[in-house]
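Each chain, written out:
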Amino acid sequence: MLTIAKVLNNNIAIVVDDAGQDCIAMGKGLAFGRRRGDTLEESSVERLFTQHVPELTRRLDGLTGLIPEEYFEVAQNIVEHARLRLGRSLDDGIYPALADHIHFTVERARAGQLIANRLTFETRMVYRDEFECALTAVSYIERVFKVTLPEDEAAFIALHFVNASTGVGMEATTEMAGIIQRAIQITREELGLDLDEESLAYYRFMVHLKLFAQRAVAPASAAAESLPEDSRLIAMVEREYPAAAAVSDTIVDFVAREHGYEVPRNEWMYLTMHIERVRGSERRREGREGAP
C-alpha cells in the first residue's frame, strides 16, 4: 500500500511505501481527486520511481506547474515503448526531460519556429535503433498534438534515449555524436573510400566508435578501465597498417585538440585495427564490384 504525500498532477504523486521510503508514482489518472494521506493500491501504479527521488521530485515539481499533464503522459508512453523496443533500461531522469522537450517542441511547431538539428544524419547513422524508435515517437506526438514535425525531431528524441542509456548527460551525448561524426568523416576522406554502412566491419567500427567517444567525454571512467600498454603489439600494428594508423593519428589529434582527451596508445591501437578492418572490407568489395 502506498500513501500519498503530495499530488503533482492527476497522473503523478509523491508517495510513501510500507517501509517509509519516499517514491514517485506515475499512472494515468492515479492521483485524480486524491489528496495527502489517501492511499493507493500498487496495482494502479504504472511506474514507481524509487531511485534519485529527491532530484526527480524537484524536477517534476518544477515542471508540473508549467507543462500540461498530457505531455507527461505522452512522455511516459514513449519511454515505456522505447524500453521494450530497445530492450534496455533507461534512466528515470528521461521522464521529466522528455516531457519538457516535447512541450517545447510542440509549442515551437505551433509557432512555426522549429529548431534544426545539425546532427540528424549522424544520429540516424550512429544510433540506428534509437533513431527508428524515435521516428515512431514523432508520429505519435504528431497524432496526439496535431502538429507536423521534421525528421530532425527524431534525432533530438533519439539522443534523449542515448543519454538515458549511458547516463552521461545530454550535453555529453551531443558531444559524443560530434566525435563520431568527425571520426567517420576523417576515415572516409583519408582512405578515399565510400564506406558500406551495411557491412559487418562497418558495424563493428561504429560500436567501437561509440565506446571511444564515450571514453573521450568521460575520461575518469576511461582511466579506470585502462590496461597496461602492449608496446610490441602497438609497434606491430603501426608497422603493418600504416594507412589505418595515419587515420587514427588524425582522429586522435582531433580529439585531443577539440575535446581535451589524450587517447592512450592502447586505444589508438584498437581504433587502428578497426579502421584497417573497414579498409580491408571496402577494398575487397570494390574488387568484387570491379571484377568482370
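Before reading further, recall that the structure is shown in the block above.
Only a predicted model underlies this, so the values are computations on that prediction, with no experimental measurement involved. Positions within a chain are numbered from 1, following the residues in the order the chain's sequence is written. Predicted model: local features are reported for residues with pLDDT of at least 70 only, side-chain atom pairs are reported and counted for 80 or more only, and whole-chain, interface and lining totals are derived from all residues. The side-chain figures draw on all heavy atoms in the structure; neither hydrogens nor water molecules are used.

### Remarks on a nonpolar patch on the surface
Put simply, the rule is: Put simply, a patch holds well-exposed residues, over 30% relative accessible area, that have no salt bridge, with like charges counted together within 9 Å and Val, Leu, Ile, Met, Phe, Trp or Tyr side chains within 5 Å. Areas reported here follow the Shrake-Rupley algorithm with a probe of radius 1.4 Å; residue values treat only the protein chains shown as occluding. Any carboxyl oxygen of Asp or Glu that lies within 4 Å of a side-chain nitrogen of Lys or Arg is treated as forming a salt bridge with it. Helix numbering and strand numbering both begin at the N terminus, where a helix is a DSSP run of H or I of at least 4 residues and a strand a DSSP run of E of at least 2. Residue exposure (1.4 Å probe, protein chains only): buried if accessible area is under 20% of the type maximum, exposed if over 50%, otherwise partly exposed.
Nonpolar side chains collect at one region of the surface, where Leu 200, Tyr 203, Val 207 and Leu 211 lie side by side and expose about 390 Å² of accessible area between them. With respect to the secondary-structure elements, Leu 211 resides in helix H8 (residues 200–217). The partly exposed category is assigned to Leu 211, whose relative accessible area is 42%.

### Re the packing of aromatic side chains
Short version of the rule: Under the pairing criterion, centres of Phe, Tyr and Trp rings, with the six-membered ring standing for Trp, must be within 6.5 Å; the plane angle then separates stacked pairs below 30 degrees from edge-to-face pairs above 60, leaving the rest tilted. To sit over a ring, a charge needs its Lys NZ or Arg CZ within 6 Å of the ring centre and within 35 degrees of the ring normal.
If you walk through the whole model with that rule in mind, you get two aromatic pairs. Pairing Tyr 71 with Phe 145 gives two aromatic rings, centres 4.3 Å apart and planes at 10°, and the pair type is stacked. Of this pair, Tyr 71 sits in helix H2 (residues 69–86) while Phe 145 is found in helix H5 (residues 128–145), placing the two residues 74 residues apart along the sequence. Note on accessibility: Tyr 71 and Phe 145 belong to one class, buried. Stacked on the ring of Trp 268, the Lys or Arg Arg 265 has its end atom at 4.2 Å from the ring centre.

### A few points about the pairing of strand S2 (residues 12–16)
Stated formally: Note on pairing: DSSP must find at least two bridges between two strands before they are called paired.
With four of its five residues buried, S2 lies for the most part within the structure. When strand S1 (residues 2–9) meets S2, the two strands line up antiparallel, connected through five bridges. Counted as the bridge partner of Asn 9 is Ile 12 from S2. Connecting S1 to the antiparallel partner S2 that follows it, the hairpin turn spans two residues.

### Remarks on the sheet that holds strand S3 (residues 22–26)
Selection rule: By definition, residues are in contact when any of their heavy atoms lie within 4.5 Å. To define axes, lines are fitted to C-alpha atoms, for helices over the stretch in contact only, and angles between the resulting N-to-C directions are given on a 0 to 180 degree scale.
The strand order across the open sheet built from five strands is S4-S1-S2-S3-S5, with neighbouring strands paired in antiparallel fashion. Bordering the open sheet on either side are strand S4 (39–40) and strand S5 (47–49), each of which pairs with just one other strand. Lying on the sheet, helix H1 (residues 53–64) is in contact with S1, S2, S3 and S5; it crosses S3 at an angle near 45°.

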